[in-house]
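# Understanding the architecture of this molecule
For reference, the chains in residue letters:
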Amino acid sequence: MKTPYRIAALTLALALCALASFMVGRYPVAPATALAILASKIAPVHADWSLQLETIVMNVRLPRIVAALEVGAALAASGAAYQSMFRNPMVSPDILGVSAGAGAGAALAILLAFPPLGVPAMAFGFGLLAVGATCLIGWRSGGDTPLTMILAGVIVGTVFAALIALMKLVADPDNTLPTIVFWLMGSLASVHAADVYFALAPIGVGLLGLVAMSWRLNVLAFGDEEAMTLGIDVGRLRLMVIACATLMTAVAVAIGGLIGLVGLVVPYLGRLVVGSDNRALIPVCAVMGGCYLLLVDDIARSLLSQEIPLGILTSLLGAPVFISLLSHTRKAWA
């Protein structure tokens, strides 16, 4: 199957998954009813449903579904871009410390009893701060080479992880500490429409930026010298990729918490579908990432009577898949 048809098939699967997600939950909603409720907001439709059902669809499930699509797309596309930039399929979106920084910001906001919107705002700001510190350390320590940046990211991530541990140590064990721990495990249970609007613009800008730079990432895969020979400013390209990927990842972590392995597993699967051409890979990873996280979120809120944190499920599901792919596939990174 040709790449455009594969992308179309994946987009259709994404739409079907989103529609099916309206049915998942303690209150059953028929797909036709969900579509009618959504359509009633833009066209005159006879309302034969209860106000409670409309509230569930519009105020509870719709924001959560859109947030899952946004977060999954952001993490997967960022992971694909980082893997291409660093020429390493084991790289994930948190390689430069953005997740640890965002976690520290959220923990601090919870510890200081910030209002609800203050938690994602602090997570977003500290995520950007962490990556900024990584870039500064990397450039001052030996340039913007991939190895230097990765080592700087490891150090910065370790520092912010230590700060998280310190805040957990001094937090109130009865109220504040459980809130911090639950946030760090990742969840979309408390997502509202404001969070969806907050994430839409940064993720959209970051994704469009990565798509626009995708052909340059293809050239960068052959090495820095070859890219410079073709007139590409390698340092500037890395800075722009880091800026776009960090913007997306910081927003995703800010509204969803720490959700692991999405940016590692989905790009690997994407290469099996469309190959390593970033012009197709990055959009495909965005679609697949949104679909993947949406399905995992459906499992998280329906498998048990108590909702399972997303970070637990993505790790449990992603690790065996990735191990299996490593064991049976040798040509995905060719």
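Residues numbered from 1 in each chain as written. Predicted model: local features only at pLDDT ≥ 70, side-chain atom pairs only at ≥ 80, totals over all residues. Heavy atoms only, no water.

What follows covers the overall build of the protein. A count of helices and strands for the protein gives 14 helices and zero strands. Listing every helix and strand of the protein by position from the N terminus yields α-α-α-α-α-α-α-α-α-α-α-α-α-α. For the protein, the C-alpha radius of gyration of 20 Å lies close to 20 Å, the compact-globule estimate for 334 residues. Reported as C-alpha extents along the three principal axes, the dimensions of the protein are approximately 65 × 55 × 40 Å. The proportion of buried residues among the 334 residues of the protein is 49%. In the protein, the share of contacts with a sequence separation of at least 24, taken over all contacts with a separation of at least 6, comes to 74%. Accessible area for the protein stands at about 15600 Å²; split by element, carbon and sulfur atoms hold 70% of it. The averaged location of the 16 negative side-chain charges in the protein is 8 Å from the averaged location of its 17 positive side-chain charges. (Helix = DSSP H or I, 4+ residues; strand = E, 2+ residues; numbered from the N terminus. Rg over C-alpha atoms; globule rule 2.2 N^0.38 Å. Buried < 20%, exposed > 50% of the residue type's maximum accessible area, 1.4 Å probe, protein only. Contact = heavy atoms within 4.5 Å. Areas by Shrake-Rupley, 256 points an atom, 1.4 Å probe, with all protein chains shown as cover. Lys, Arg positive; Asp, Glu negative; His and termini not counted. Charge placed at Lys NZ, Arg CZ, Asp CG, Glu CD.)

For residues with low pLDDT, the predicted coordinates do not support detailed interpretation. When pLDDT is averaged along the protein, the result is 88; 96% of the residues meet or exceed 70. Element-level mean pLDDT values for the protein span from 80 in helix H10 (residues 224-229) up to 94 in helix H13 (residues 278-300). (pLDDT = per-residue confidence, 0-100.)

Looking at the element boundaries, Asp195 is found in helix H8 (residues 193-212). Buried within the structure, Asp195 lacks any salt-bridge partner; Arg64 is the closest side chain of opposite charge, at an N-O distance of 11 Å. One polar contact links the side chain of Asp195 to the main-chain amide nitrogen of His192, over a distance of 2.9 Å. For Asp195, the residues in contact, after removing those within four places along its chain, are Leu117, Pro120, Ser190 and Ile255. (Salt bridge = Lys/Arg side-chain N within 4 Å of Asp/Glu carboxyl O. Polar contact = N/O pair within 3.5 Å; in protein donor to acceptor, adjacent residues only side chain to side chain.)

Quick look at unusual backbone geometry now. The phi dihedral of Arg87 falls on the positive side, at around 55 degrees, and the residue is not glycine. Phi at Ala113 is positive, roughly 60 degrees, even though this residue is not glycine. Position of Ala113 relative to the elements: it lies in the loop between helix H4 (98-111) and helix H5 (118-142). Note on Ala113: relative accessible area 65%, which makes it exposed.

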